[in-house]
Amino acid sequence: MSKKTDNANGKKHVTPQSLNAAVKSICDIMRRSNVAGAMNYVPELTWILFLRILDEREAHEAEEAEALGLSFTPSITAPYRWRDWAAPDSALRQDTKASVWAFVHEKLLPHLKGLKKKPDAAPRQKVISEVMSGVERSRIDSEKNFCDVLDKVHELSNETVDTTHVFTLSQVYEGLLLKMGEKGNDGGQFFTPREIIRAMVNVVDPKIGETVYDPGCGTCGFLAQSFEYMRDIVGKKITGPQLETLKHRTFYGREKDNAIYPIALANLILHGVDEPRVWHGNTLTGQEVYGELFKGAPQFFDCVMMNPPFGGKEGKEAQTQFDYKTGATQVLFLQHVLKTMKSGSRCGIVLDEGVLFRTNETAFVQTSANCLRSATFIAS
């Protein structure tokens, strides 16, 4: 998929309004296709947009490798690449006797979900499988509407978006994620207002070479913002080894929700984190769903940032992991955070005032006392 081909097939978006209108038109197709509500259409758009951007990225990497005389092994090969089945000029789309619908459900999804099971599966292939892990079939109600969505998504690429004048695709995607947390949707628990995230990241001030951890990462807002902050601080002076560290050995998270976990991975990928180190499972009980991406993670982290869930209750299975017993999730998460910090670590965390001032529960008092003894602990 060359730059020339992309630009020939896609409309050039030179204003934020143009790009937002394009994204809205995709969501409109989904809404008319029985995919109503952001909690339904954002996960659907996530995996479709992810495959589009991934194919473009790997095509670019292949061109770079060829120019340097290096070998390149793609994560996805024909006929499963976006250019093979989804692009308007692809062989499958041009074959009037073929069914994109059947190919996606009978071949593409099983193949992508099975990549992580290969004996020699690369880290990116494991990420691809996990992004696709919750996709049993498209939520769109017909092949016609599905292909209409593919055509619109094909226009959204790094070649058709003028990033000097409009938001990057990652920012557009974050705007979609925020819609999941709006009033009337049931996704608010996974989202922290971006203004709060930016303020906390600025105060914690993570630096390249340090690790950043969020044990209840939701859609990875803190990790994605930290990547942008660290990347922008260095700017054009960034070296190859520094960029490699940022993309592969910096950001670590945990998320238990089956629907949100793939979105978290896709969000980091779209921001430029090539190897998201996100563990899938219950942080508080240690019950693991998938931990391959988290392998090699350090025991302690330089920077910890999170917004723990408030008002939740954990059973005794979770409480046995902690010194101070309570069912309150925010207090258990706070204890977990303290255990992952070392001398010199910095932490920013959103807490309800009850954690600091509830004096009628021993676990609250003991946990908050531990926090107050740490001079590098920032409560928001």
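Residues numbered from 1 in each chain as written. Predicted model: local features only at pLDDT ≥ 70, side-chain atom pairs only at ≥ 80, totals over all residues. Heavy atoms only, no water.

J.: How should I be thinking about the overall build of the protein chain in this particular structure?
T.: A tally of helices and strands in the protein chain yields 17 helices and 7 strands. Sorting the 380 residues of the protein chain into buried and exposed places 53% on the buried side. By sequence separation, contacts in the protein chain at least 24 residues apart represent 72% of the contacts at least 6 residues apart. In the form shown here, the protein chain has an accessible surface area of approximately 17400 Å², with 51% of it arising from carbon and sulfur atoms. (Helix = DSSP H or I, 4+ residues; strand = E, 2+ residues; numbered from the N terminus. Buried < 20%, exposed > 50% of the residue type's maximum accessible area, 1.4 Å probe, protein only. Contact = heavy atoms within 4.5 Å. Areas by Shrake-Rupley, 256 points an atom, 1.4 Å probe, with all protein chains shown as cover.)

J.: Would you mind showing me how to read the packing of helix α3 (residues 38–67) against helix α13 (residues 260–271) here?
T.: Each pair of packed helices can be summarised by the angle the axes make with each other and by the distance between the axes. At a minimum axis separation of 10 Å, α3 and α13 run at an interaxial angle of 35°. Here α3 runs over α13; the crossing is left-handed. For the pair α3 and α13, contact is made by Pro43, Thr46, Leu49, Phe50, Ile53 and Arg57 and by Ile263, Ala266, Ile269 and Leu270, respectively. Class assignment of the residues belonging to the contact of α3 with α13 gives a composition of 8 nonpolar, 1 polar and 1 charged. (Axes fitted to C-alpha atoms, helices over the stretch in contact; angles between N-to-C directions. Left-handed = near helix turned anticlockwise from the far one by under 90°. Nonpolar A, V, L, I, M, F, W, Y, C, P; charged D, E, K, R; others polar.)

J.: Any chance you could explain α3 here in plain terms?
T.: Since the α-helix advances by 3.6 residues per turn, residues separated by three or four positions end up pointing in the same direction. Over its 30 residues, α3 extends 42 Å from the first C-alpha to the last, a length consistent with the 44 Å expected when each residue adds 1.5 Å. Within α3, 21 of the 30 residues are buried, leaving the element largely enclosed by the surrounding structure. Of the residues flanking the end of α3, it is glycine 69, one or two places downstream, whose phi is positive at about 70°. (Expected span 1.5 Å × (residues − 1).)

J.: Can you help me understand the packing of helix α11 (residues 221–234) against α13 in this one?
T.: Where α11 meets α13, the axes come as close as 9 Å, and the angle between the chain directions of the two elements is 10°. The pairing of α11 with α13 is recorded here as roughly parallel in orientation. Contacts from Leu223, Ala224, Phe227 and Glu228 in α11 reach Asn267, Leu268 and His271 in α13. Class assignment for the residues of the contact of α11 with α13 results in 4 nonpolar, 2 polar and 1 charged. (Parallel < 35°, antiparallel > 145°, perpendicular 65-115°, else oblique.)

J.: Could you clarify how one ought to interpret the pairing of strand β5 (residues 301–306) in this entry?
T.: Along a regular strand, successive side chains alternate from one face of the sheet to the other. Among the 6 residues of β5, 6 are classified as buried, and the element is accordingly described as predominantly covered. With 2 bridges joining them, strand β1 (residues 212–214) and β5 adopt parallel strand pairing. Along β5, the bridge assignment pairs valine 212 with cysteine 303. (Pairing = 2+ DSSP bridges.)

J.: Would you explain the pattern of salt bridges in this entry?
T.: One side chain can pair with another of opposite charge once the charged atoms of both are near each other. Under the counting rule described, the total for this entry stands at 18 salt bridges. Among the salt bridges present, the one from arginine 93 reaches aspartate 151, with a minimum N-O distance of 2.9 Å. Placement of the pair is arginine 93 in helix α5 (residues 91–94) and aspartate 151 in helix α8 (residues 143–154), with a sequence separation of 58 residues. Here arginine 93 falls in the partly exposed class, since its relative accessible area comes to 21%. A residue is classified by how much of its surface remains accessible, and aspartate 151, at 27% relative accessible area, is partly exposed. Salt-bridge contacts for lysine 295 lead to glutamate 292; the nearest nitrogen and oxygen are separated by 3.1 Å. For lysine 295, a relative accessible area of 53% translates into the label exposed. (Salt bridge = Lys/Arg side-chain N within 4 Å of Asp/Glu carboxyl O.)

J.: What's the story with the packing of aromatic side chains in this structure? I'm lost.
T.: Here the distance between the centres and the angle between the planes together describe a pair of aromatic rings. Counted according to the given criterion, the structure contains 9 aromatic pairs. Ring centres of tryptophan 101 and phenylalanine 146 lie 5.4 Å apart, and the angle between their planes is 75°; this geometry places the pair in the edge-to-face category. Separated by 45 residues along the polypeptide, tryptophan 101 in helix α6 (residues 100–113) and phenylalanine 146 in helix α8 bring together distant segments of the chain. Accessibility classification places tryptophan 101 together with phenylalanine 146 in one group, the buried group. Here a set of aromatic residues connected by ring pairs shows up, and it is made of Tyr80, Trp82, Trp85 and Phe103. (Phe/Tyr/Trp six-rings, centres within 6.5 Å; stacked < 30°, edge-to-face > 60°.)

J.: How should the side chain of threonine 340 be read in this particular structure?
T.: Examined against the element boundaries, threonine 340 turns out to sit in the loop between α15 (329–339) and β6 (341–349). Of note is the side chain of threonine 340, whose polar atom sits 2.8 Å from the backbone oxygen of valine 337. Ignoring sequence-local partners within four residues, the contact set of threonine 340 consists of Tyr213, Gln299, Phe300, Phe301 and Val304. (Polar contact = N/O pair within 3.5 Å; in protein donor to acceptor, adjacent residues only side chain to side chain.)

J.: Is there a simple way to think about the nonpolar core in this case?
T.: A general tendency of soluble globular proteins is for nonpolar side chains to be buried together. Counting 77 residues, the largest nonpolar core has Leu51, Trp85 and Phe146 as the members making the most contacts within it. Among the elements that make up this core, the one with the highest residue count is α3 (11 residues). Ignoring any residue separated from it by four or fewer positions in sequence, one finds phenylalanine 146 in contact with Glu44, Trp47, Ile48, Trp85, Val100, Trp101, Val104, Ser138 and Ile140. Ranked by size, the runner-up nonpolar core spans 18 residues in total, among them Tyr252, Leu284, Phe333 and Leu334. (Core = buried A, V, L, I, M, F, W, Y, C linked by side-chain atoms within 4.5 Å.)

J.: Which parts of the structure should I look at to understand the pairing of strand β2 (residues 251–255)?
T.: The element β2 is extensively covered by neighbouring structure, given that 5 of its 5 residues are classed as buried. Side-chain alternation along β2 places Phe251, Gly253 and Glu255 on one buried face and Tyr252 and Arg254 on a second face that is also buried. Note: β1 against β2, 3 bridges, orientation parallel. Directly across from tyrosine 213, in β2, lies its bridge partner tyrosine 252. Bridging between β2 and strand β3 (residues 277–281) involves 4 bridges; their strand directions are parallel. Across the sheet, the residue bridging to glycine 253 is valine 278, located in β3. Crossover handedness for the path β2 to α13 to β3: right-handed. (Right-handed = clockwise from strand over helix to strand, strands pointing away.)

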